[in-house]
Structures are given as C-alpha cells and as structure tokens.
Amino acid sequence: MAVLERVHSVLLNAADHRRRTGRPLVTLTYAQSLDGSIAVRPGRPLALSGPQSQTLTHALRAVHDAILVGIGTVLADNPRLTVRLVAGADPQPVVLDSRLRFPLYANLLQRNGLAPWIATSPQAEAERRETLRRAGARLLLLPTGADGWIDLAALLSRLAELDVDSLMVEGGAQIITSFLASRLVDQVVVTIAPLLVGGLGVVDKFSLPHPCTFPRLRRLTYEQAGEDLILMGEPEWSAE
Ligand SMILES: NC(=O)c1ccc[n+]([C@@H]2O[C@H](COP(=O)([O-])OP(=O)(O)OC[C@H]3O[C@@H](n4cnc5c(N)ncnc54)[C@H](OP(=O)(O)O)[C@@H]3O)[C@@H](O)[C@H]2O)c1
C-alpha cells in the first residue's frame with residue numbers, strides 16, 4: 001500500500017501544519033475514467049472504482065479527521081462517507097451547501113455515527129436551518145464569495161478552530177475545481193479506472209468567476225489496485 005503509506009506519512013505533520021497555517025492539511029481524492037470523467041453527468045453517479053481501490057479509499061478516510069463533499073454529491077449519490085470496508089474511525093462529514101438544499105432523507109442524517117456539519121451562508125433560510133438542526137446537523141455559518149459559494153479559506157480556518165487537523169475532499173466536480181483554483185490542496189490521490197465515459201469532467205474552470213491556473217503534481221507515487229491505477233502527488237502551481 002505505497003499510496004496509503006505516503007499519505008499517512010504526510011499526515012503525521014498535519015497538527016503542526018494546522019498550528020503553522022491556521023488550516024487543516026487537505027487531501028483531494030476522487031476516481032476518474034481515462035478521459036477524466038467523474039460521473040455520467042451531474043446527478044448521474046457512476047461506479048468507477050473497483051473493490052481494491054474502494055477499500056483504499058476507505059482506508060484513506062480512516063486516517064483523516066474530516067471528509068468533505070458538495071451538496072451536488074449528497075443529492076446525486078446520498079453517500080454515507082464511512083470507513084465500513086476497513087477497521088478504523090469514521091471521519092467527521094462536512095457538506096458545502098450555501099442554500100441548504102440538504103435533504104432530510106440523507107444517509108448522513110440517518111446513520112448512528114457522527115452527525116454532519118453543513119457549511120452554509122448566514123443568508124440561508126432561518127426555518128430550514130432550524131429544521132436541519134433539529135434533525136441533528138450542526139450548521140457552520142460562513143461568508144460567501146461573489147458567486148454565492150462558501151469562502152473556502154474561511155471554511156478551513158473554521159475547521160481548524162474545531163480541531164480538524166486533516167481534511168479529505170472527495171468531490172464532486174465543482175468542489176474539486178474550487179479547491180484547486182483556490183490552491184488549498186496539499187496532496188492529491190486519484191483513482192484512474194480503465195474505461196472511457198465522455199461524462200462530467202473533473203475540472204471545469206469555465207464555471208469559475210475568475211481566471212486561474214491548475215497545478216502539476218510532483219513527487220509522484222503510483223500503485224495498481226485490481227484493474228485501477230492509483231496516483232498520488234503533491235500539487236505545484238506555476239507563478240502566474
Ligand atoms: N468519481 C468521484 O470520485 C466522485 C466523487 C464525488 C462526486 N462525484 C460525482 O460528482 C457529481 C456531483 O458534482 P457537482 O459538481 O454537480 O456537485 P458538487 O461539487 O458535489 O457540489 C457543488 C455544489 O456545492 C455548493 N458549494 C458551496 N460552496 C461551494 C464552493 N466554494 N465551491 C463549489 N461548490 C460549492 C454549490 O451548491 P449551492 O450553490 O447550492 O451551495 C455547488 O453547486 C455527482 O454526479 C457525483 O456522482 C464523483
């Protein structure tokens with residue numbers, strides 16, 4: 001498990017990283033097809049990872065304090081975000097949801113474990129906030145940018161205040177794009193599945209309100225997991 005060992009060794013510095021920078025160490029993780037699709041289209045999920053890479057994903061979850069997805073992923077996949085394929089503790093689930101579209105039927109509210117933290121805008125409807133609080137969610141009220149989306153730097157400093165040293169960001173496409181565009185990613189783990197989909201691309205820079213550059217990955221580790229290839233690296237952004 002070369003990738004897991006490397007991620008784990010980077011995470012040994014997570015508490016120190018939080019003290020130094022005021023934000024958790026961020027691992028971006030997702031599965032893509034050979035043509036860079038992560039789903040058939042928004043809202044249409046696709047099982048990309050084989051059993052071995054799914055187990056690796058759960059092992060990665062188990063070494064992080066918290067795990068984050070966007071509301072698009074909650075509505076499309078209704079994930080549990082647990083580590084049920086391996087032994088270990090579930091990470092704290094965090095969902096970015098500025099308009100509180102979070103559904104009451106979500107698996108994240110039904111399970112016995114940790115209730116979700118929903119990062120939302122102070123402008124989100126008060127009645128909806130109360131309903132979700134009564135259902136067990138904890139709401140983190142955070143500033144939003146010009147696009148109405150949660151300010152990621154503010155989110156990460158709030159998570160640091162809540163003792164989160166390490167955060168695994170799992171998707172979907174808009175969340176991955178935002179984290180990369182904000183340069184708030186410390187390491188990347190990508191599962192590459194051997195098929196072509198022609199679906200929802202992992203990065204959509206045209207959805208962003210500002211121009212940005214995306215990184216190259218350095219210090220690479222590769223590993224085969226069943227039929228999938230797992231790639232781990234640390235992003236390096238050009239100066240422009
Ligand atoms: N293959 C994989 O590894 C993988 C992993 C996860 C998901 N997926 C797939 O990805 C698809 C969902 O992706 P998606 O792009 O439609 O949705 P998403 O990235 O899960 O969620 C995006 C939504 O989050 C909210 N948001 C709040 N603050 C944000 C910020 N700073 N940056 C970005 N978004 C922010 C926005 O909704 P509001 O404006 O309402 O706040 C935005 O529309 C699904 O089909 C799912 O199956 C694949």
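Everything below is about the structure shown above.
Residues numbered from 1 in each chain as written. Predicted model: local features only at pLDDT ≥ 70, side-chain atom pairs only at ≥ 80, totals over all residues.

## Overview of the site of the ligand
Then, in step 1: The immediate surroundings of the ligand are formed by 33 residues, with Gly-70, Gly-72, Gly-171, Gly-172 and Ser-178 found nearest.
Then, in step 2: At the level of secondary structure, the elements contributing two or more residues to the shell around the ligand comprise strand 1 (25-33), strand 2 (37-39), strand 3 (66-70), helix 4 (71-77), strand 7 (166-171) and helix 8 (173-181).
Then, in step 3: It is helix 4 that contributes the most residues to the shell around the ligand, five residues altogether.
Then, in step 4: Partitioning the shell around the ligand into residue classes produces 17 nonpolar, ten polar and six charged. (Near = placed C-beta within 6 Å. Helix = DSSP H or I, 4+ residues; strand = E, 2+ residues; numbered from the N terminus. Nonpolar A, V, L, I, M, F, W, Y, C, P; charged D, E, K, R; others polar.)

## Focus: the pairing of strand 7
Then, in step 1: In terms of burial, strand 7 is largely enclosed, as six of its six residues are buried.
Then, in step 2: Alignment of strand 1 against strand 7, held across four bridges, turns out to be parallel. Looking at the pairing, Val-26 lines up with Leu-167 of strand 7.
Then, in step 3: By the bridge criterion, four bridges tie strand 3 to strand 7 in an arrangement that is parallel. Bridge pairing links Ala-66 to Leu-167 in strand 7. (Buried ≥ 20, exposed ≤ 12 C-beta atoms within 10 Å, placed from the backbone. Pairing = 2+ DSSP bridges.)

## Observations concerning the sheet that holds strand 4 (residues 92-96)
Then, in step 1: With respect to topology, nine strands assemble into an open sheet ordered 6-5-4-3-7-1-8-11-10, the strand pairing being mixed. The open sheet has two edge strands, strand 6 (138-141) and strand 10 (216-225), and neither has a second partner. Neighbour-to-neighbour, the strand axes of the sheet open up by a mean angle of 25 degrees, direction not taken into account.
Then, in step 2: Direction of pairing for strand 5 (residues 117-120) relative to strand 6: parallel, over a ladder of four bridges. Within strand 6, the residue paired with Ala-119 across the bridge is Leu-140.
Then, in step 3: Here helix 8 sits on the sheet and contacts strand 1, strand 3, strand 4 and strand 7; the angle it forms with strand 7, its principal contact strand, is near 130 degrees. (Axes fitted to C-alpha atoms, helices over the stretch in contact; angles between N-to-C directions. Contact = placed C-beta atoms within 7 Å.)

The values reported here are purely geometric and, on their own, carry no functional implication.
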